[in-house]
Amino acid sequence: MKSAITICLVPEAQRGPFVFHDGIEAGCQAAAEAGFDAVEIFPSSAKEFPASKLSSLLQKNSLNVAAVGTGAGWLKQRLSLTDGDHEKRARAIEFISALIDTAAEYNAPVIIGSMQGQSTEATTRESALQLLAEGLATLADRAKGQGQMLLYEPLNRYETNLLNTQEAAAQFLVENDLVQRGVRLLCDLFHMNIEESNVPESIRHVSTIHSDIIGHVHWADSNRKAMGYGHSNSQAIYQVLLDGGYAKYLAAEVFPLPSATDAAQQTIRSIKTCKPS
Ligand code: LER
Ligand code: MN
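Scoring rules and cut-offs
- Residues numbered from 1 in each chain as written.
- Chains lettered and ligands numbered in written order.
- Predicted model: local features only at pLDDT ≥ 70, side-chain atom pairs only at ≥ 80, totals over all residues.
- Heavy atoms only, no water.
- Near = heavy atom within 4 Å.
- Polar contact = N/O pair within 3.5 Å; in protein donor to acceptor, adjacent residues only side chain to side chain.
- Areas by Shrake-Rupley, 256 points an atom, 1.4 Å probe, with all protein chains shown as cover.
- Nonpolar A, V, L, I, M, F, W, Y, C, P; charged D, E, K, R; others polar.
- Pairing = 2+ DSSP bridges.
- Helix = DSSP H or I, 4+ residues; strand = E, 2+ residues; numbered from the N terminus.
- Axes fitted to C-alpha atoms, helices over the stretch in contact; angles between N-to-C directions.
- Buried < 20%, exposed > 50% of the residue type's maximum accessible area, 1.4 Å probe, protein only.
- Contact = heavy atoms within 4.5 Å.
- Expected span 1.5 Å × (residues − 1).
- Donors = N, O, S within 2.8 Å, 3.2 Å for Na, K, Ca; no water.
- Arc of directions from axis to C-beta.

Quick notes on the site of ligand 1
Every residue close to ligand 1 is listed here: Ser 114, Glu 153, Leu 155, Glu 159, Asp 188, His 191, His 218, Arg 224 and Glu 253. Contacts to ligand 1 include His 218, whose side-chain N or O atom sits 3.5 Å from an oxygen atom. Burial of ligand 1 by the protein amounts to 82% of the accessible area it has alone, namely 260 Å². Residues that form the shell around ligand 1 fall into these classes: one nonpolar, three polar and five charged.

Points about the sheet that holds strand E3 (residues 64-69)
Taking strand neighbours around the barrel as the criterion, the eight strands line up as E1-E2-E3-E4-E5-E6-E7-E8 in a closed arrangement whose pairing is parallel. Neighbour-to-neighbour, the strand axes of the sheet open up by a mean angle of 30°, direction not taken into account. As paired strands, strand E2 (residues 38-42) and E3 are joined by four bridges and run parallel to one another. Bridged to Ala 38 within E3 is Asn 64.

What about the environment of Pro 50?
Counting through the fold element by element, Pro 50 comes out in the loop between E2 and helix H2 (51-60). When its relative accessible area of 10% is taken as the criterion, Pro 50 is described as buried. With 27 residues separating them along the chain, Pro 50 and Gly 23 place their C-alpha atoms 9.4 Å apart. In this structure Pro 50 touches Leu 9 and Ile 24, once residues within four positions along its chain are discounted.

Quick notes on helix H10 (residues 260-274)
If you check H10, its first and last C-alpha atoms are 21 Å apart, about what 15 residues at 1.5 Å a residue would give, namely 21 Å. Taken as a whole, H10 has its buried residues at Ala 263, Ala 264, Gln 266, Thr 267, Ile 268, Ser 270, Ile 271 and Cys 274.

Topic: unusual backbone geometry
Trans is the prevailing form of peptide bonds, just as negative phi is the prevailing case for residues other than glycine. Between Leu 257 and the following residue, Pro 258, the backbone shows a cis peptide bond with an omega angle of 0°. One non-glycine residue, Ser 62, lies in positive phi territory at about 50°. Topologically, Ser 62 is positioned in the loop between H2 and E3. Residue classification places Ser 62 among the exposed positions, given a relative accessible area of 62%. For Asp 177, which is not a glycine, the phi torsion comes out positive at approximately 55°. Structurally, Asp 177 is set in the loop between helix H6 (166-175) and strand E6 (183-188). Given the relative accessible area of 44%, Asp 177 is considered partly exposed.

Quick notes on the coordination of the manganese ion (ligand 2)
Protein coordination at the manganese ion (ligand 2) comes from Glu 153 (OE), Asp 188 (OD), His 218 (ND1) and Glu 253 (OE), with a distance range of 2.1 to 2.2 Å. Spacing between the donor residues of the manganese ion (ligand 2) along the chain follows E-x34-D-x29-H-x34-E. Of this pair, Glu 153 sits in the loop between strand E5 (150-152) and H6 while Asp 188 sits in strand E6, and the two are 35 residues apart along the sequence. Asp 188 shares its class with Glu 153; the two are buried.

What to know about the side chain of Gln 116
Note that Gln 116 resides in the loop between strand E4 (110-112) and helix H5 (125-144). A polar contact is formed between the side chain of Gln 116 and the side chain of Tyr 152, at a distance of 2.6 Å. The contact partners of Gln 116, leaving out residues within four places of it in the chain, are Ser 80, Leu 81, Thr 82, Leu 132, Tyr 152, Glu 153, Leu 155, Thr 160 and Leu 162.

Concerning the side chain of Gln 266
Within the secondary structure layout, Gln 266 lies in helix H10. Among the polar contacts listed, one links the side chain of Gln 266 to the side chain of Arg 269, at a separation of 2.9 Å. Sequence-distant contacts of Gln 266, that is, excluding residues within four places in its chain, are made with Ala 226, Met 227, Gly 228 and Tyr 229.

Digging into helix H8 (residues 199-209)
For H8, every residue scored as buried is listed here: Val 199, Ser 202, Ile 203 and Val 206. The arc that holds every buried residue of H8, seen down its axis, measures 105°, which confines them to one face. Looking at the buried positions of H8, the neighbouring elements they touch are H6, E6, helix H7 (189-195), strand E7 (214-218) and helix H9 (234-243). A distance of 3.0 Å separates the backbone nitrogen of Glu 201 from a side-chain oxygen at the start of H8, and that oxygen is part of Asn 198.

Such coordinate-based values are descriptive only and should not be taken to indicate function.
Structure representation (structure tokens):
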């Protein structure tokens, strides 16, 4: 498995669960110094993506891009794939499509987390899930055209009322032929700590629904600090991922506590500790 760490470029998300907040240059340098393989970037939009300098920064620091987050579309513009308003849904698709094209230039997938939205009084659950399936299908086709998967992230109940567990999300993807279209699950261990009865077991279980369904992991402890600073059983989680053949990223989407440098170093330590020698 490979390591990645988050760089947030959105001033409005300064208090969010991202490790580096001081720009792309400082973020890449700090990621490399801590020993990461890749960065996960949270940009304001495709237009504001640091495209001109990123390639040379990645090369200079021997880093890849693990994934690109789309949450700013919700945070800054309140755009979601399940908005009852057709025009706003179209803008959400446009926002994410532009990020898919940008991320593909760095061989990276995008993440659909907050932009999945939720059902409301105006949009029933049935209709919201239908809109989510349609939106994911459109976006997965666009990503597939550029050789990329599309990551769908189940969030905890305080962030969405759509699909909170990995099992519910996996079944939804399978029932709507979305796995076949290139959608994969993002297992965020912080959300899972809230929603799953048993985190390693639920990882094992989704792999029985579809052997290659996990596309990305947010490697966070139970309290959303760096792994090892909460009460998750990182060893058991790592082992079940390994047993299921998972070989993609463990990405630290965590709070920069007690400092960004410490969270980065602790994440690397936690991965090394889990790795069988
Ligand atoms: C995004 O990856 C995520 O986990 C959300 O909780 C961000 O709000
Ligand atoms: Mn996450």
